[in-house]
Amino acid sequence: MQFLLACSEPVDVVFGIPTSQTIPRNQFESIKSFVSQAIESFDVSPMNIHVGFVTYSGSASTTLKIDQLTSKDALSDFTSRLAQQGREVDVVSALDEAFRVTFSIYGGVRQSKPKAFILIVPEGSASSQQDVQLAAARLKSLGVRLLTVGIGGSINQDLYKLASTQPPSKFFYNVPNINDLGTKSRDVAEVICKGNLCRKKYCSFLA
(Lines give C-alpha, C1' and ligand atoms only; values in the text may rest on other atoms or scores of the structure.)
Protein backbone atom coordinates (compact mmCIF):
# COMPACT_ATOMS: atom_id res chain seq x y z
CA MET A 1 0.00 0.00 0.00
CA GLN A 2 1.42 3.36 -0.99
CA PHE A 3 1.15 6.14 1.56
CA LEU A 4 -0.12 9.40 0.17
CA LEU A 5 -0.79 12.48 2.22
CA ALA A 6 -2.16 15.84 1.21
CA CYS A 7 -2.72 19.04 3.14
CA SER A 8 -6.03 20.67 2.40
CA GLU A 9 -4.56 24.19 2.29
CA PRO A 10 -1.44 25.77 0.76
CA VAL A 11 1.94 25.37 2.49
CA ASP A 12 5.34 26.66 1.33
CA VAL A 13 7.96 23.98 2.07
CA VAL A 14 11.72 24.42 1.61
CA PHE A 15 14.34 21.69 1.95
CA GLY A 16 17.83 22.59 3.18
CA ILE A 17 19.97 20.04 1.34
CA PRO A 18 23.69 19.53 2.11
CA THR A 19 25.77 19.02 -1.03
CA SER A 20 29.30 18.88 0.40
CA GLN A 21 31.71 16.51 -1.33
CA THR A 22 32.71 15.25 2.11
CA ILE A 23 29.37 13.39 2.24
CA PRO A 24 29.86 9.84 0.91
CA ARG A 25 28.19 9.36 -2.46
CA ASN A 26 25.76 6.71 -1.20
CA GLN A 27 24.67 9.00 1.62
CA PHE A 28 24.09 11.88 -0.78
CA GLU A 29 21.91 9.65 -2.95
CA SER A 30 19.96 8.62 0.18
CA ILE A 31 19.41 12.29 1.03
CA LYS A 32 18.04 12.96 -2.45
CA SER A 33 15.82 9.89 -2.17
CA PHE A 34 14.50 11.13 1.17
CA VAL A 35 13.61 14.50 -0.36
CA SER A 36 11.87 12.84 -3.30
CA GLN A 37 9.88 10.52 -1.02
CA ALA A 38 8.72 13.40 1.16
CA ILE A 39 7.65 15.41 -1.89
CA GLU A 40 5.74 12.40 -3.20
CA SER A 41 3.60 12.57 -0.05
CA PHE A 42 2.68 16.22 -0.63
CA ASP A 43 -0.23 17.61 -2.63
CA VAL A 44 2.06 19.62 -4.93
CA SER A 45 0.10 21.94 -7.20
CA PRO A 46 -0.14 25.63 -8.11
CA MET A 47 -2.84 26.13 -5.45
CA ASN A 48 -1.61 23.84 -2.65
CA ILE A 49 1.92 22.86 -1.59
CA HIS A 50 4.87 24.65 -3.16
CA VAL A 51 8.44 23.35 -2.72
CA GLY A 52 11.80 25.14 -2.80
CA PHE A 53 15.41 24.08 -2.25
CA VAL A 54 18.34 25.64 -0.41
CA THR A 55 21.55 23.75 -1.16
CA TYR A 56 24.56 24.31 1.05
CA SER A 57 28.16 23.32 1.68
CA GLY A 58 30.63 26.09 2.58
CA SER A 59 28.01 28.57 1.37
CA ALA A 60 24.33 28.33 0.48
CA SER A 61 22.07 29.30 -2.40
CA THR A 62 18.40 29.19 -3.27
CA THR A 63 18.72 26.51 -5.93
CA LEU A 64 14.98 26.28 -6.47
CA LYS A 65 12.58 29.11 -5.75
CA ILE A 66 9.36 28.20 -3.97
CA ASP A 67 7.13 29.13 -6.89
CA GLN A 68 9.40 27.82 -9.64
CA LEU A 69 8.10 24.24 -10.07
CA THR A 70 4.59 23.15 -9.12
CA SER A 71 4.42 19.50 -10.17
CA LYS A 72 5.84 16.36 -8.57
CA ASP A 73 7.39 15.15 -11.83
CA ALA A 74 9.30 18.39 -12.32
CA LEU A 75 10.48 18.38 -8.71
CA SER A 76 11.57 14.74 -8.93
CA ASP A 77 13.62 15.48 -12.05
CA PHE A 78 15.18 18.53 -10.42
CA THR A 79 16.09 16.56 -7.29
CA SER A 80 17.70 13.76 -9.29
CA ARG A 81 20.04 16.27 -10.96
CA LEU A 82 21.39 17.79 -7.75
CA ALA A 83 25.19 17.47 -7.63
CA GLN A 84 27.77 17.59 -4.86
CA GLN A 85 30.07 20.58 -4.54
CA GLY A 86 32.16 22.29 -1.89
CA ARG A 87 34.07 20.77 1.02
CA GLU A 88 32.34 22.14 4.13
CA VAL A 89 29.00 21.75 5.93
CA ASP A 90 27.99 25.24 7.05
CA VAL A 91 24.51 24.91 8.54
CA VAL A 92 24.33 28.62 9.38
CA SER A 93 24.71 29.52 5.71
CA ALA A 94 21.61 27.43 4.91
CA LEU A 95 19.55 29.04 7.67
CA ASP A 96 20.67 32.53 6.66
CA GLU A 97 19.92 31.91 2.98
CA ALA A 98 16.42 30.73 3.88
CA PHE A 99 15.93 33.82 6.06
CA ARG A 100 17.34 36.42 3.66
CA VAL A 101 16.30 35.03 0.27
CA THR A 102 14.20 31.87 0.05
CA PHE A 103 11.34 32.91 2.34
CA SER A 104 11.12 36.33 0.70
CA ILE A 105 9.12 37.67 -2.22
CA TYR A 106 12.23 37.09 -4.35
CA GLY A 107 12.22 33.43 -3.35
CA GLY A 108 8.59 33.03 -4.34
CA VAL A 109 7.05 32.74 -0.88
CA ARG A 110 3.33 33.30 -0.36
CA GLN A 111 3.48 35.59 2.63
CA SER A 112 0.10 34.72 4.13
CA LYS A 113 0.54 30.92 3.88
CA PRO A 114 2.06 28.46 6.40
CA LYS A 115 5.79 27.93 5.90
CA ALA A 116 8.23 25.14 6.80
CA PHE A 117 11.98 24.65 6.41
CA ILE A 118 13.24 21.04 6.50
CA LEU A 119 16.95 21.27 7.37
CA ILE A 120 19.00 18.14 6.68
CA VAL A 121 22.20 18.10 8.74
CA PRO A 122 24.93 15.53 8.03
CA GLU A 123 27.91 14.84 10.25
CA GLY A 124 30.82 17.27 10.05
CA SER A 125 29.06 20.60 10.50
CA ALA A 126 31.46 23.54 10.68
CA SER A 127 28.96 25.88 12.37
CA SER A 128 29.22 27.04 15.99
CA GLN A 129 26.40 26.35 18.44
CA GLN A 130 25.72 30.02 19.11
CA ASP A 131 25.62 30.87 15.41
CA VAL A 132 23.20 28.00 14.70
CA GLN A 133 20.85 29.11 17.49
CA LEU A 134 20.87 32.74 16.35
CA ALA A 135 20.33 31.85 12.69
CA ALA A 136 17.51 29.48 13.58
CA ALA A 137 15.83 32.15 15.72
CA ARG A 138 15.99 34.65 12.85
CA LEU A 139 14.34 32.21 10.48
CA LYS A 140 11.63 31.23 12.96
CA SER A 141 10.88 34.93 13.54
CA LEU A 142 9.39 34.92 10.02
CA GLY A 143 6.82 32.37 11.14
CA VAL A 144 8.71 29.50 9.53
CA ARG A 145 8.41 26.10 11.23
CA LEU A 146 11.91 24.57 11.39
CA LEU A 147 12.19 20.79 11.12
CA THR A 148 15.67 19.31 11.52
CA VAL A 149 16.78 15.90 10.30
CA GLY A 150 20.20 15.00 11.69
CA ILE A 151 22.17 12.20 10.06
CA GLY A 152 24.84 10.29 11.98
CA GLY A 153 25.68 9.45 15.57
CA SER A 154 27.83 12.53 16.18
CA ILE A 155 25.09 15.09 15.51
CA ASN A 156 24.69 17.54 18.40
CA GLN A 157 21.15 16.53 19.28
CA ASP A 158 20.77 19.00 22.15
CA LEU A 159 21.66 21.89 19.87
CA TYR A 160 19.30 20.98 17.05
CA LYS A 161 16.47 20.12 19.41
CA LEU A 162 16.69 23.68 20.74
CA ALA A 163 17.12 25.20 17.27
CA SER A 164 14.10 23.40 15.85
CA THR A 165 10.51 24.45 16.36
CA GLN A 166 9.14 23.05 19.59
CA PRO A 167 8.38 20.39 20.64
CA PRO A 168 11.39 18.43 19.36
CA SER A 169 9.33 15.24 19.41
CA LYS A 170 7.61 16.65 16.32
CA PHE A 171 10.25 18.83 14.74
CA PHE A 172 13.58 17.06 15.33
CA TYR A 173 14.70 13.68 13.98
CA ASN A 174 18.02 11.92 14.40
CA VAL A 175 18.97 9.12 12.01
CA PRO A 176 22.17 7.39 13.20
CA ASN A 177 22.12 5.01 10.21
CA ILE A 178 21.77 6.55 6.75
CA ASN A 179 19.90 3.44 5.61
CA ASP A 180 17.03 4.45 7.90
CA LEU A 181 16.68 7.95 6.47
CA GLY A 182 13.91 6.97 4.08
CA THR A 183 11.71 5.84 6.96
CA LYS A 184 11.54 9.45 8.19
CA SER A 185 9.95 10.86 5.03
CA ARG A 186 6.48 9.86 6.25
CA ASP A 187 7.08 11.42 9.66
CA VAL A 188 8.19 14.69 8.08
CA ALA A 189 5.22 14.69 5.71
CA GLU A 190 2.85 14.17 8.62
CA VAL A 191 4.31 17.14 10.49
CA ILE A 192 3.96 19.34 7.43
CA CYS A 193 0.30 18.38 7.34
CA LYS A 194 -0.55 18.11 11.03
CA GLY A 195 2.07 20.16 12.86
CA ASN A 196 0.03 23.37 12.98
CA LEU A 197 1.02 24.12 9.40
CA CYS A 198 -2.30 23.51 7.69
CA ARG A 199 -4.79 25.94 9.13
CA LYS A 200 -7.65 23.49 9.30
CA LYS A 201 -5.35 20.70 10.45
CA TYR A 202 -7.02 18.41 7.99
CA CYS A 203 -5.26 15.68 6.09
CA SER A 204 -6.53 13.07 3.69
CA PHE A 205 -4.97 9.61 3.70
CA LEU A 206 -5.37 7.63 0.50
CA ALA A 207 -4.41 3.99 -0.22
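Keep in mind that this is a model prediction, so the values were computed, not measured. (Residues numbered from 1 in each chain as written. Predicted model: local features only at pLDDT ≥ 70, side-chain atom pairs only at ≥ 80, totals over all residues. Heavy atoms only, no water.)

## Here's the deal with the packing of helix H1 (residues 25–40) against helix H2 (residues 72–80)
1) Next: Contact pair H1 / H2: the axes reach a minimum separation of 10 Å and the direction vectors enclose 175°. Between H1 and H2, the interaxial angle falls into the category roughly antiparallel. In this structure, H1 contributes Lys 32, Val 35, Ser 36, Ile 39 and Glu 40 to the contact, and H2 contributes Lys 72, Leu 75, Thr 79 and Ser 80.
2) Next: Grouping the constituent residues of the contact of H1 with H2 by class yields 3 nonpolar, 3 polar and 3 charged. (Axes fitted to C-alpha atoms, helices over the stretch in contact; angles between N-to-C directions. Helix = DSSP H or I, 4+ residues; strand = E, 2+ residues; numbered from the N terminus. Parallel < 35°, antiparallel > 145°, perpendicular 65-115°, else oblique. Contact = heavy atoms within 4.5 Å. Nonpolar A, V, L, I, M, F, W, Y, C, P; charged D, E, K, R; others polar.)

## Re the packing of aromatic side chains
1) Next: Taken as a whole and assessed by the stated rule, the structure comprises 3 aromatic pairs.
2) Next: Taken together, a centroid distance of 6.1 Å and an interplanar angle of 80° make the contact between Phe 15 and Phe 53 edge-to-face. Within this pair, whereas Phe 15 is found in strand E2 (residues 12–18), its partner Phe 53 is found in strand E3 (residues 50–56), the two being separated by 38 residues in sequence.
3) Next: Residue classification places Phe 15 among the buried residues on the basis of a relative accessible area of 0%.
4) Next: Ring centres of Phe 103 and Phe 117 lie 6.3 Å apart, and the angle between their planes is 85°; this geometry places the pair in the edge-to-face category. Remark: Phe 117 occurs in strand E5 (residues 115–121) and Phe 103 occurs in the loop between helix H3 (91–102) and E5; sequence separation between them is 14 residues. (Phe/Tyr/Trp six-rings, centres within 6.5 Å; stacked < 30°, edge-to-face > 60°. Buried < 20%, exposed > 50% of the residue type's maximum accessible area, 1.4 Å probe, protein only.)

## Brief notes about the nonpolar core
1) Next: The biggest cluster of nonpolar side chains holds 36 residues, and the ones touching the most others in it are Phe 15, Phe 42, Val 51, Phe 53 and Ile 192.
2) Next: Listed by contribution, the elements that provide at least two residues to this core are E2, H1, E3, H2, E5, strand E6 (144–151), strand E7 (172–175) and helix H7 (184–194).
3) Next: With 6 residues, H1 is the single largest residue contributor to this core.
4) Next: Setting aside chain neighbours within four positions, we find Phe 53 in contact with Val 14, Phe 15, Ile 17, Val 35, Ile 39, Ser 61, Thr 62, Thr 63, Leu 64, Phe 78, Thr 79 and Leu 82.
5) Next: Formed by 26 residues, the second largest nonpolar core is a distinct cluster that contains Val 54, Ile 66, Leu 95 and Val 121. (Core = buried A, V, L, I, M, F, W, Y, C linked by side-chain atoms within 4.5 Å.)

## Some words on the pattern of salt bridges
1) Next: One pass over the structure, following the stated rule, counts 7 salt bridges.
2) Next: Between Asp 12 and Arg 110 there is a salt bridge; the shortest N-O distance is 2.6 Å. Here Arg 110 lies in the loop between H3 and E5 and Asp 12 lies in strand E2, a separation of 98 residues in the sequence. Across the pair, exposure class does not vary: Asp 12 and Arg 110 are buried alike.
3) Next: Arg 100 serves as the salt-bridge partner of Glu 97, at 3.4 Å between the closest nitrogen and oxygen. Residue Glu 97 and its partner Arg 100 are located together in helix H3, separated by 3 residues, close to a single helical turn.
4) Next: Glu 97 gets classed as buried once you look at its relative accessible area, which sits at 8%.
5) Next: Of the residues examined, Arg 100 reaches a relative accessible area of 54% and is grouped as exposed.
6) Next: Members of the salt-bridge network, linked through shared partners, are Arg 25, Glu 29 and Lys 32. (Salt bridge = Lys/Arg side-chain N within 4 Å of Asp/Glu carboxyl O.)

## With respect to the pairing of strand E4 (residues 60–64)
1) Next: The pairing of E3 with E4 spans 4 bridges and is antiparallel. Considered in E4, the bridge of Thr 55 is made with Ser 61. (Pairing = 2+ DSSP bridges.)

## Structural notes on the packing of H3 against helix H4 (residues 129–140)
1) Next: Where H3 meets H4, the axes come as close as 9 Å, and the angle between the chain directions of the two elements is 20°. One finds that H3 runs roughly parallel with respect to H4. In the packing of H3 onto H4, the handedness of the crossing is left-handed. Side by side, H3 and H4 meet where Val 92, Leu 95, Asp 96, Ala 98 and Phe 99 of the first sit next to Asp 131, Val 132, Ala 135, Ala 136, Arg 138 and Leu 139 of the second. (Left-handed = near helix turned anticlockwise from the far one by under 90°.)

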